[in-house]
Amino acid sequence: MAYAAITCLMRTIHQSMELTGCALQPFYENLESVRAILDGSCSVTGDLEALTSLEGEIAEVAYSAEDMIDWKSIDVSSAETSISRSGAFWKLSCSLEQQVERIDSIMKKWMAIRNWYRKIKDLKAQTFSLASTIPEHAVERPEHIMVGHENAFKMMQDQLTRGERELEVVSIVGMGGIGKTTLATKLYSDPFIMSHFDIRAKATVSQEYCARNVLLALLSSISDEPCDQLADRLQKHLKGKRYLVVIDDIWTTRAWDDIQLCFPDCNNGSRILLTTRNGEVAEYASLGKHPYHMRLMNFDESWSLLYEKVFAKDSFPPEFEQLGKQIASKCGGLPLAIVVIAGLLSNIGKALTEWQSVAENVSSVVSTDLEAQCMRVLALSYYHLPSHLKPCFLYFAIFPEDKVIAVAKLVNLWAAEGFLKSDEMKSIEEVAEKCLKDLVDRSLISVHHLSFDGKIDFCRMHDVTRELCLREARNMDFVNVLGGKSNQNPCAQSMQCSTTSRGRIKIHTKVELARCRNSGAYSIIMSRRVQSFMLELPFKLVRVLDLTRIEFPSFPSEILHLIHLRYLALSLYPLLEQYQRSKEEVPSSIIDVPSSIIDIPPSISSLCYLQTFILYGVNYQECPFILPSEILTMPQLRHLHLSWNYLRYYEPTAKSLVLKNLQCLSRWNPFNCTRSAFRLFPNLKKLQISGAREDFRIRKDQYDFRYLHQLEELEFDLSNHDAKCFLERITPSDSTLQNPLRLQRIIKLPKPGLSLTPLLLPPPDAFPQNLKNLTLKEPFYLPWEDLSIVGKLPKLESLQLEGWACEGEEWEVAEEGFPRLKFLLLKLLHIRYWRASSDHFPCLERLFVNNCWSLDSIPQEFADITTLALIDIDRCRESVGISAKQIQQAIQDNYGGSIDVHIRDPLELCPVGVDPVL
């Protein structure tokens, strides 16, 4: 992809200028013109082989130029004299000039051929051809596609709630994208169905079937308990109850055989609802009973759905409706195809020529093979994407099928890859979020979960759309998926890595990792957990390396030679057996633990281009990471995500490097929360402070956030409270050492509920004044009256108090209250009385109360909060739910408004302070 490659090269030039201070702006501006031509060109498909080939040449030159810039920029920045620095810069400039001239030369050929094609053929009317194979499961959003299936819903509802008392399997059969999942989901969530069954559970099987994952999904729908013997535990949960289980997207009879014995027949009217594209599987599971075959929509239903998605939201002249009816009639009655086309039409607005082009292209791909037709319709939507969105869409091929994708990780990966178009007015993270929203608007990506402020937290891709994504990503050598079940999915079949390939590689096993030897891949992501092994990293050009699924006993030194890295994610599993004593409590309370076993080497700073650095640790309760102070000399660092850690002694000075790119700092130890340290992070937006209780107690007087002017999200997380650990300054025995550290671990632990020194909050003027989100987690035992400090923050919109964050039975909100607060979460708090009025929370929109077992009620004065839209109650006393309902009724009676009230698992009255779970 030439556009993405040029964008990556421009990003690398910009980073080089930041690292070296060298003037490379003319080269950047030249490439900006090249990118504008590529961005403004007509969509190019596989039919135009000459143009596609030249784009490949442009991309290859751009990738080579990136590699060269990285190496030569280091030579410039490490030069010891002005003469050697000038020589290194001259070599960098000459080499870059040669590469840019090569790109210009290829672009001239590209433009000549493109212009010739424009004269002989209208590119807008060409037919997009793709192979016809698509997967079964299209994850439709429930609100999308019930047009034409209202009668089917009532029929299925009767089948599930009436009939014989013996266990029955009810099946829905149909092609991908036709609405099977939508119908099953609507049935699963129907209030009548919910009241009829004692317990419900659902799981998706998919092509890459794993019985354990299916059982885990079913169990997670029913219980939060950890499960070792999954099938036995599932049976016990279902035994004696009238249950409904939804098994979505099942492919084979073998998959059904693997899980069917987990469902006991209690002769009480329990039901299992299956969705599948395979009629044989449906009849096999239903013991010969006829499944329900979903039909395609007729014209009226197709037009009704398209009208709802496009025309009902805006007014259009009559000629657009005529084109809309043509488009609807040519989508083959497939709901998903109509929804995707609707997303395309909504985004191109009221441009009649564009609508005519869509109508002509849909017409040209009408086929009796409706699955192929759906794929071609999806391809049409892909080819209409702007150039800057195509690499974003294709990147989803790196993620597993049917998995929810964390947007934070996706954004970090996109940023590290370098193909996002920079914007002077926005951070690269904001650009990424906008690209994701654009893909969602085009119905190519679906939203799984939104945050309280409307941002996308988790997303996913429809399986039908993912098939197109896999196919195009591989054809463009953008993403290659190694391994997987190639007999089921031809797009995921194994392949030998090419040494010239600059794409991204997703691997499943260490054998496949070995096959990447000497690969030129830019990104390597391990998707399945494997045991630690001797690691060789001969792929020297890699920029994104995610090996969190490999268990490393120590930091792999081979990584330090990968100087191109922008994104590095590792999991360290230190071997502590030889240092651990009996788990029994011992009178001797202190054990020295050698820190060298999980030291992060100071030479990590040699990865000068690193933007995202992620270190996970499983044994964090026993031993933290020891970070070198050199980690604060990495100028490109944007995101630092850690497990429990300590920073080796570091006292910043006025000449210390300021990490102006750092946006997010996760699990930073309170030991290092000093004014001088925070001065180095002027643009930090997210900060999570996490450590053991002793860390918070020792450094309680050091919090000062005055320098964090951009900070918007702050979290205090008292983790590792099962093992009180801290660092101690000791007098060095060796005069060459300065301020060495000794890691100590206290074995004898305090029991929950004992009086402990609470966390002390900084004064209001020490908090960042731009702070919007504040979270306190785990037992800080903060006095409720101290929250008056938090209430004074002028821009605070979200407050989350979790896990004994506050101590005391009564919260009487201070007079100033929380004037800007929109979201409030109270979870696992031993509060009994809550005294507050609407004046204290005048802007509150959503209130969540979770597992507050002692709470008596929600203040009735909340009925006067005119902004309140949702109250969500989970595992609280019945009186709390009753008070929420009373607030709901009062708002309706007094203001004519309405709010949503959700109440789950109300608890019977229990003594104050008693955990009902125990």
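It should be emphasised that the depicted structure is a prediction, and the values quoted were computed from it without experimental measurement. (Residues numbered from 1 in each chain as written. Predicted model: local features only at pLDDT ≥ 70, side-chain atom pairs only at ≥ 80, totals over all residues. Heavy atoms only, no water.)

### Here we look at the overall build of the chain
Right, on to step 1. From N to C terminus, the chain includes 25 helices and 33 strands.
Right, on to step 2. When each of the 918 residues of the chain is scored for burial, the buried share is 55%.
Right, on to step 3. Long-range pairs, those at least 24 residues apart, make up 67% of the contacts in the chain with a sequence separation of at least 6.
Right, on to step 4. Of the accessible surface of the chain, which amounts to about 38800 Å², a share of 49% is contributed by carbon and sulfur atoms. (Helix = DSSP H or I, 4+ residues; strand = E, 2+ residues; numbered from the N terminus. Buried < 20%, exposed > 50% of the residue type's maximum accessible area, 1.4 Å probe, protein only. Contact = heavy atoms within 4.5 Å. Areas by Shrake-Rupley, 256 points an atom, 1.4 Å probe, with all protein chains shown as cover.)

### What to know about the packing of helix H18 (residues 407-417) against helix H19 (residues 428-441)
Right, on to step 1. Two elements in contact, H18 and H19, have axes separated by 9 Å at closest approach and are oriented at 115°. Taken as axis vectors, H18 and H19 run roughly perpendicular relative to one another. Of the two possible hands of crossing, H18 and H19 adopt the one that is right-handed. Listed contacts from H19 to Val407, Leu410, Val411, Trp414 and Ala415 of H18 are Ile428, Glu429, Ala432, Glu433, Cys435, Leu436 and Leu439.
Right, on to step 2. In terms of residue class, the contact of H18 with H19 is made up of 10 nonpolar, no polar and 2 charged. (Axes fitted to C-alpha atoms, helices over the stretch in contact; angles between N-to-C directions. Parallel < 35°, antiparallel > 145°, perpendicular 65-115°, else oblique. Left-handed = near helix turned anticlockwise from the far one by under 90°. Nonpolar A, V, L, I, M, F, W, Y, C, P; charged D, E, K, R; others polar.)

### Remarks on the nonpolar core
Right, on to step 1. Residues Trp668, Phe681, Leu687, Trp834 and Phe841 are the most contacted members of the largest nonpolar core, which totals 104 residues.
Right, on to step 2. If one sorts the elements of this core by residue count, helix H25 (residues 878-895) sits on top with 5 residues.
Right, on to step 3. Contacts of Leu687, omitting those with residues within four sequence positions, involve Leu665, Trp668, Phe678, Phe705, Leu708, Leu711, Glu713, Leu714 and Glu715.
Right, on to step 4. Counting 54 residues, the second-largest nonpolar core is a separate cluster that includes Met1, Cys392, Ala415 and Ile456. (Core = buried A, V, L, I, M, F, W, Y, C linked by side-chain atoms within 4.5 Å.)

### Concerning the side chain of Gln99
Right, on to step 1. Inspection of the secondary structure assignment puts Gln99 in helix H4 (residues 82-120).
Right, on to step 2. Not counting chain neighbours up to four residues away, the residues in contact with Gln99 comprise Val61, Ser64, Ala65 and Met68.

### Comments concerning the pattern of salt bridges
Right, on to step 1. The final tally for this structure, using the stated rule, is 20 salt bridges.
Right, on to step 2. Of the charged contacts, one joins Lys289 and Glu168 as a salt bridge, the two residues approaching to 3.4 Å between their closest N and O atoms. Here Glu168 lies in strand E1 (residues 168-173) and Lys289 lies in the loop between helix H11 (279-285) and strand E5 (292-293), a separation of 121 residues in the sequence.
Right, on to step 3. Its relative accessible area of 40% is what places Lys289 among the partly exposed residues.
Right, on to step 4. Relative accessible area serves as the criterion here: at 13%, Glu168 is assigned to the buried category.
Right, on to step 5. Glu417 is the salt-bridge partner of Arg504, the closest N and O atoms lying 3.0 Å from each other. Remark: Glu417 occurs in helix H18 and Arg504 occurs in strand E10 (residues 504-507); sequence separation between them is 87 residues. (Salt bridge = Lys/Arg side-chain N within 4 Å of Asp/Glu carboxyl O.)

### Considering the sheet that holds E1
Right, on to step 1. Taken together, the 5 strands give an open sheet; going across it, the order is E2-E3-E4-E1-E5, and neighbouring strands pair in parallel fashion. Each edge of the open sheet is held by one strand with a lone partner, namely strand E2 (199-204) and E5.
Right, on to step 2. The sheet contact formed by E1 and strand E4 (residues 271-276) spans 6 bridges and is parallel. Looking at E4, one finds that Glu168 is bridged to Arg271.
Right, on to step 3. Helix-sheet contacts for helix H6 (residues 180-189) involve E1, E2, strand E3 (243-248), E4 and E5, and the interaxial angle to E4 is about 160°. (Pairing = 2+ DSSP bridges.)

### Focus on the packing of aromatic side chains
Right, on to step 1. Per the stated rule, a full pass over the model turns up 31 aromatic pairs.
Right, on to step 2. Aromatic pair Tyr382 and Phe393: ring centres 5.5 Å apart, planes at 35°, arrangement tilted. Residue Tyr382 is located in helix H16 (residues 370-383), and its partner Phe393 is located in helix H17 (residues 390-394); the two are separated by 11 residues in the primary sequence. By the burial criterion, Tyr382 is buried, and Phe393 matches it.
Right, on to step 3. A centroid spacing of 5.5 Å and a plane angle of 5° characterise the contact between Trp811 and Trp834, whose relative ring orientation is stacked. Of this pair, Trp811 sits in strand E28 (residues 810-812) while Trp834 sits in strand E30 (residues 833-835), and the two are 23 residues apart along the sequence.
Right, on to step 4. A cation over a ring is seen here: Lys186 above Phe153, with NZ or CZ 5.6 Å from the ring centre. (Phe/Tyr/Trp six-rings, centres within 6.5 Å; stacked < 30°, edge-to-face > 60°. Lys NZ or Arg CZ within 6 Å of the ring centre and 35° of its normal.)

### Some points on the packing of helix H8 (residues 211-222) against helix H9 (residues 230-238)
Right, on to step 1. Between H8 and H9, the least distance of the axes is 10 Å, while the angle of their chain directions is 30°. On the basis of the axis angle, H8 is roughly parallel to H9. Classified by chirality, the crossing of H9 by H8 is left-handed. When H8 is examined against H9, the residues Arg212, Leu215, Leu216, Leu218, Leu219 and Ile222 are found in contact with a partner set consisting of Leu230, Ala231, Arg233, Leu234, His237 and Leu238.
Right, on to step 2. Of the residues contributing to the contact of H8 with H9, the split by class is 9 nonpolar, 1 polar and 2 charged.

### Concerning the sheet that holds strand E8 (residues 456-460)
Right, on to step 1. Spatial ordering of the open sheet is given by E6-E8-E7, a layout of 3 strands whose pairing is antiparallel. Whereas interior strands pair on both sides, the edge strands pair on one side only; in this sheet they are strand E6 (405-406) and strand E7 (446-450).
Right, on to step 2. By the bridge criterion, 2 bridges tie E6 to E8 in an arrangement that is antiparallel. Among the inter-strand pairings, Ile405 is bridged to a residue of E8, identified as Cys459.

### A look at the confidence of the model for the chain
Right, on to step 1. Of all residues in the chain, 79% have pLDDT values of 70 or greater, and the mean over the chain is 78.
Right, on to step 2. Low pLDDT, under 50, characterises residues 42-47; the stretch is placed with 17 contacts to residues that sit more than four places away or in other chains.
Right, on to step 3. Residue range residues 365-370 is modelled with pLDDT below 50. Its contacts to residues more than four positions away, or to other chains, number 12 contacts. (pLDDT = per-residue confidence, 0-100.)

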